[in-house]
Amino acid sequence: MREIYVIGSASIDLVVKSDRRPLKGETILGESFFMTTGGKGSNQAVSASRLGGKVKMVGAVGADDFGQQILANFRENSVDVSNVESVTHVSSGTAHITLSEDDNSIIVVPGANFAVTTHQVAQVLSEAAEDAIVVLQNEIPKDVILFTIDKCYELGLTTIYNPAPFIEIELDYLKKVTYFTPNETEVKELFGEDYEEVIQDYPNKMIVTLGDKGAVFYNGQLVNVPGIKADVVDTTGAGDTFNGALAVALSEGMALDDAILFANKAASISVTGLGAQGGMPYRAVMTDV
Ligand code: RIB
């Protein structure tokens, strides 16, 4: 089976549920609070592993209780952690999430996620098999992201780059990845235009996620792979579930449109549970795709 390397963040999500968000300068009473494992990299790794992928995480946690929880969660989900460093100079990454008004808003404090180094990535990639799939997002230092894209391109590895959260990046890097998976907002931030204006410049490469409307890519014509309606409890991590599932589907040799349909289905199931990883499906429930 092709191995999947997820190079990225692993954090603890601190989640407040509230009817509404406070106005500037206002204090309000929230409804409830919980802590759970998150971080885009961790979410993508757990998604891929639950769906049957052979997953190695590459990242960093603090030498603290949160770091221990993050590592324990990887192990429970059969994600290999031999390339997750434990660092002492900074605490584990956290994400501060407000769930309210049918959507979430998030402030990420990178912490140990910004201790991931190019040296660490170089070491891991030097040992990766030729057919490995590398999944990458934007919650680790930018120099590490650019290094990873360059190195994977040089080695001919398949890459899935999820450009979230948005950072400024030279568009040349998007040409070097095998696939990139922005949502509509990230397309606007990256290109200053809607996806319809740019998607044909990235055939079979740019996959735009559209929430419950599915995803689109261009293969000579615009292909809309439909989404699946679900009873939404929490959309946090839906995009990450999509990326992890896409990696698994591609690792199994599915055609791109089938792989996207598989990923759409996984993402739609993920929103039915609370927390980024709470609703992520296991392979057993994906039988009809
Ligand atoms: O994509 C969802 C994730 O974004 C959350 O788990 C949070 O950690 C933030 O990184």
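In the annotation of an unreviewed UniProt entry, the chain is listed under the name Ribokinase and assigned to Macrococcus psychrotolerans. For the chain, the Pathway (unreviewed entry) comment in UniProt is given as "Carbohydrate metabolism; D-ribose degradation; D-ribose 5-phosphate from beta-D-ribopyranose: step 2/2."

Structural notes on the overall build of the chain
Secondary structure summary: the chain contains nine helices and 13 strands in total. Computed over its C-alpha atoms, the radius of gyration of the chain comes to 18 Å, within 12% of the 19 Å expected for a compact globule of 289 residues. Counting only C-alpha atoms and orienting by the principal axes, one finds that the chain spans roughly 50 × 40 × 40 Å. Per-residue burial over the chain gives 53% buried out of 289 residues. A sequence separation of at least 24 residues applies to 66% of the contacts in the chain between residues at least 6 apart. If you sum the accessible surface of the chain, you get close to 12700 Å²; carbon and sulfur atoms cover 50% of it. One way to put it: in the chain the 20 positive side-chain charges average out to a point 1 Å from where the 39 negative ones average out.

Overview of the packing of aromatic side chains
By the definition in use, this model includes two aromatic pairs. A centroid spacing of 5.2 Å and a plane angle of 85 degrees characterise the contact between Phe180 and Tyr202, whose relative ring orientation is edge-to-face. Taken together, the residues Phe180 in strand 10 (residues 179-180) and Tyr202 in the loop between helix 7 (195-198) and strand 11 (208-209) connect sequence positions 22 residues apart. Centre to centre, the rings of Phe191 and Tyr202 are 5.6 Å apart; their planes meet at 55 degrees, and the pair counts as tilted.

Let's talk about the pairing of strand 5 (residues 80-87)
Pairing analysis gives six bridges linking strand 4 (residues 54-62) to strand 5, with the strands arranged parallel. Each bridged residue has a counterpart across the sheet, and for Gly62 the counterpart in strand 5 is Val87.

Analysis parameters
- Residues numbered from 1 in each chain as written.
- Predicted model: local features only at pLDDT ≥ 70, side-chain atom pairs only at ≥ 80, totals over all residues.
- Heavy atoms only, no water.
- UniProt positions renumbered as here; feature names shortened; annotations may be inferred.
- Helix = DSSP H or I, 4+ residues; strand = E, 2+ residues; numbered from the N terminus.
- Rg over C-alpha atoms; globule rule 2.2 N^0.38 Å.
- Buried < 20%, exposed > 50% of the residue type's maximum accessible area, 1.4 Å probe, protein only.
- Contact = heavy atoms within 4.5 Å.
- Areas by Shrake-Rupley, 256 points an atom, 1.4 Å probe, with all protein chains shown as cover.
- Lys, Arg positive; Asp, Glu negative; His and termini not counted.
- Charge placed at Lys NZ, Arg CZ, Asp CG, Glu CD.
- Phe/Tyr/Trp six-rings, centres within 6.5 Å; stacked < 30°, edge-to-face > 60°.
- Pairing = 2+ DSSP bridges.

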